[in-house]
Amino acid sequence: MNDETGPEAQWRQALAGGRFLLQRSPFDGRHFFPPRVIAPLPGGDALEWVEASGRGVVHSVTVISPRPPAEPYNVVLVDLEEGPRMMSRVDGLPATAVAIGMPVRARIGDVDGAPILVFDPA
C-alpha cells in the first residue's frame, strides 16, 4: 500500500469527513491505533474500521512552556475507552489544568486546513 491508499491515509480521510474511526480485529474484537496493515499478535490483515466512542482518560500529560509571548500548551497520552492509547492535546482549559485521570472526549479540530483529533474535558 502506498501513502495515498494505506491505513493512515484512510484514517485521515475519515477525519476530513468528520468521523473518528479505529481499526478492530474481527477475530478477537481488539481495537488498534495507530492505523496498520496487519494486526499485532496473533496477526491477520482482516482489520475493519469502526466508529470510535471518542471517550477516554488522560494517561499522562506534559506542559510545554515555549518562549513568550507564546502560550504554554499540553501534550497528552489518552487511553481510549476501546483500549488504544494515543497522543494528542486537551483544549478548552489552561495547559496546567490538565490532569492525569481526567475524562476527555475526542473532537475533530483543524490546524492549517488539515483535520486533527484533539480532546476536550468531558
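Just so we're clear, the structure is a prediction, and the values are computed from it rather than from any experiment.

Engineer: Report on the overall build of the protein, specifying residues and quantitative values.
Structural biologist: The helix and strand tally for the protein stands at one helix and eight strands. Along the protein, helices (α) and strands (β) appear in the sequence α-β-β-β-β-β-β-β-β when read from the amino end. Dimensions of the protein, computed from the C-alpha atoms along their principal axes, are close to 50 × 30 × 20 Å. The buried share of the protein, taken over its 122 residues, is 34%.

Engineer: Describe the sheet that holds strand β1 (residues 21–24), with residues and values.
Structural biologist: Across the sheet, three strands lie side by side as β2-β1-β3; this open sheet has antiparallel pairing. The sheet is open, and its two borders are formed by β2 (31–32) and β3 (48–51), each paired with just one other strand. Here four bridges tie β1 to β3, and the two strands are oriented antiparallel to one another. Residue pairing for β3: Q23 is matched across the bridge by W49.

About the thresholds
Residues numbered from 1 in each chain as written. Predicted model: local features only at pLDDT ≥ 70, side-chain atom pairs only at ≥ 80, totals over all residues. Heavy atoms only, no water. Helix = DSSP H or I, 4+ residues; strand = E, 2+ residues; numbered from the N terminus. Buried < 20%, exposed > 50% of the residue type's maximum accessible area, 1.4 Å probe, protein only. Pairing = 2+ DSSP bridges.

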